Amino acid sequence: MPKKFYVTTPIFYANASPHMGHAYAIVLADMIARFHREKGEDVYFLTGTDEHGIKNLRSSENAGKDVIQFLDEQAEKFRALAESLGSSHDQFIRTTDKKIHYPGATAMWEKLSTSGDIYKGEYEGLYCVGCENFKMEKDLVDGKCQDHNTEPERIRQENYFFRLSKYADCIKEAIEKGELSVIPESRKNEILSMLEGGLEDVSFSRPVKDLPLGIPVPGDATQTMYVWCDALTNYISALGYGSGDDQNLKKFWPADLHVIGKDILRFHAALWPGMLLSAGLALPKEILVHGLIMSDGRKMSKTIGNVIDPKDYLETYGMDAFRFYLAHEINPFEDGNFTDEKFKEAYNAYLVNGIGNLASRIMKMASSYLLEPVRINEEIKIPGYLEAFERHDIFSAIHAVSDFSAELDRIITEKTPFKLYKTDPEKAREIVSELVSSLASIARAIRPIMPTSAFVIESAIKENTALPPLFPRK
């Protein structure tokens, strides 16, 4: 039986259109999913949309639309983005899905309640609608949320609470022992620092009069589940938790990898593990926390006017070129920069004049000189590639491919098989055969990153035919 691998993106908040950060999370998770499929593993890849909460409700009202119509339209935008990016996800979950998601969220609440970790209490505090989360005064800068630059609303409510404080030590121990791995190290240290001071119990519901858009609290129709309680459960509701059919849950849980942005680290590395421990479920194995996609060194913002639409680049350069840029120019463990100038520079240097030109040169010689197609094995000969991908370091993996491609160009320049063929065709065929074998290794290596280009190159190798330019000069 093949080894299983369960990977997820965060579910994306549906209040606004998809942006570059969403695109990066989808592509990053997809490349990892494809890599593990190439290893012969049984992969399940989940993505979707988070559709409850005050922010979604207000966005629908601002758009002048019925909330369900608004959410349907927004979910379709995220589906379309995933499709245009070549995402190979197995399921797209929506938290408004009453058949798939509601039973799991309800079952989770009931399990936490049975564990004695749900209680009723009164809370007064500052609530940021943008974060869907309560804030402390110390979290604010000039009285405003750092992430949304807005003043939180002061609210006083009687809500249900989750006894998260009970699990702080257990979560800390799991992270320190590597049972719950948080990468990179800087994010691990960040969450451990937060856990060091303990955790506060979490307000886990809202009055339905204030939040009608959400899942009702079991046994109390006056309260709606807190959006993060509901949303985090998607990772198991998607596998059938609470539905009566838990075959996928038994097969794929715990998650092997949650791919998330650094702005939601504490929800995934503190609140979610606390919920799982309370419910008696296994913790995820690993959380990969990627950085922000910046534009000209600044966080993308509609106010600043530096938001970049992935659609523009996908339409102009194609899916593979876009995915290549995200892999080659954005380190998953750090904040990355996306500019039009950098994109064009990378496109021309590494695709037009790099892999694309190399593949065309090699296959032109192969189709002209070789008497039959080269027999290829499945081994990837690129130094450092596999090791980098195994630790989710796609940045280093694709740079290893670029370096290997440059080395093949050097070999062609030094050995000039196109000249040698005139005087020693047998030796020239030997060199070209080796080049084709190395090109096949590149094609296999880029399958998770540029699947269409990989297929085109491999097809040409199998048929021993020349290749047109893979990446037209722009």
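Residues numbered from 1 in each chain as written. Predicted model: local features only at pLDDT ≥ 70, side-chain atom pairs only at ≥ 80, totals over all residues. Heavy atoms only, no water.

A. Structural context of the overall build of the protein. A tally of helices and strands in the protein yields 18 helices and 19 strands. Computed over its C-alpha atoms, the radius of gyration of the protein comes to 25 Å, within 12% of the 23 Å expected for a compact globule of 474 residues. For the protein, the C-alpha atoms occupy an extent of roughly 90 × 50 × 40 Å along the three principal directions. Here the protein holds 474 residues, and the buried ones make up 57% of them. Within the protein, counting contacts between residues at least 6 apart in sequence, those at least 24 apart form 76% of the total. Looking at the protein, you have 56 positive and 70 negative side-chain charges, and the mean spots of the two groups are 3 Å apart. (Helix = DSSP H or I, 4+ residues; strand = E, 2+ residues; numbered from the N terminus. Rg over C-alpha atoms; globule rule 2.2 N^0.38 Å. Buried < 20%, exposed > 50% of the residue type's maximum accessible area, 1.4 Å probe, protein only. Contact = heavy atoms within 4.5 Å. Lys, Arg positive; Asp, Glu negative; His and termini not counted. Charge placed at Lys NZ, Arg CZ, Asp CG, Glu CD.)

B. Spotlight on the sheet that holds strand S18 (residues 298–299). If you walk across this open sheet you meet the 3 strands as S18-S17-S19, and the pairing is mixed. Only two strands of the sheet have a single partner each, and these edge strands are S18 and strand S19 (336–337). Bridging between strand S17 (residues 293–295) and S19 involves 2 bridges; their strand directions are parallel. Looking at S19, one finds that isoleucine 293 is bridged to glycine 336. (Pairing = 2+ DSSP bridges.)

C. Spatial organisation of the packing of helix H6 (residues 185–196) against helix H10 (residues 265–279). At a minimum axis distance of 11 Å, the contact between H6 and H10 shows a crossing angle of 55°. Put simply, H6 runs oblique to H10. Our pair here, H6 against H10, has a crossing hand that is right-handed. Facing H6, whose interface residues are Arg187, Glu190, Ile191 and Met194, H10 presents Leu265, Arg266, Ala269 and Ala270. Partitioning the contact of H6 with H10 into residue classes produces 5 nonpolar, no polar and 3 charged. (Axes fitted to C-alpha atoms, helices over the stretch in contact; angles between N-to-C directions. Parallel < 35°, antiparallel > 145°, perpendicular 65-115°, else oblique. Left-handed = near helix turned anticlockwise from the far one by under 90°. Nonpolar A, V, L, I, M, F, W, Y, C, P; charged D, E, K, R; others polar.)

D. Seen up close, unusual backbone geometry. Note the cis peptide between isoleucine 183 and proline 184, where omega equals 5°. By the secondary structure assignment, proline 184 is in the loop between strand S10 (181–183) and H6. Between tryptophan 253 and proline 254 the backbone carries a cis peptide bond, its omega angle lying at 10°. Within the secondary structure, proline 254 sits in the loop between helix H9 (247–252) and strand S15 (257–261). Here the phi dihedral of histidine 392 falls at roughly 65°; this positive angle occurs in a residue that is not glycine. Note on placement: histidine 392 falls in the loop between helix H14 (385–390) and helix H15 (394–415). Even without a glycine there, the phi angle at asparagine 464 is positive, about 55°. Looking at the element boundaries, asparagine 464 is found in the segment after helix H18 (451–463).

E. Structural view of the nonpolar core. With 87 residues, the main nonpolar core has Phe322, Phe338 and Tyr385 as its most contacted residues. Ranked by residue count, the leading element in this core is helix H13 (residues 340–369), at 13 residues. Discounting chain neighbours no more than four positions away, the residues touching tyrosine 385 are Phe35, Ile380, Ala397, Ala400, Val401, Arg444, Ala445 and Pro448. Core analysis: the next-biggest nonpolar cluster, separate from the first, contains 62 residues, Ile11, Val202, Tyr235 and Met275 among them. (Core = buried A, V, L, I, M, F, W, Y, C linked by side-chain atoms within 4.5 Å.)

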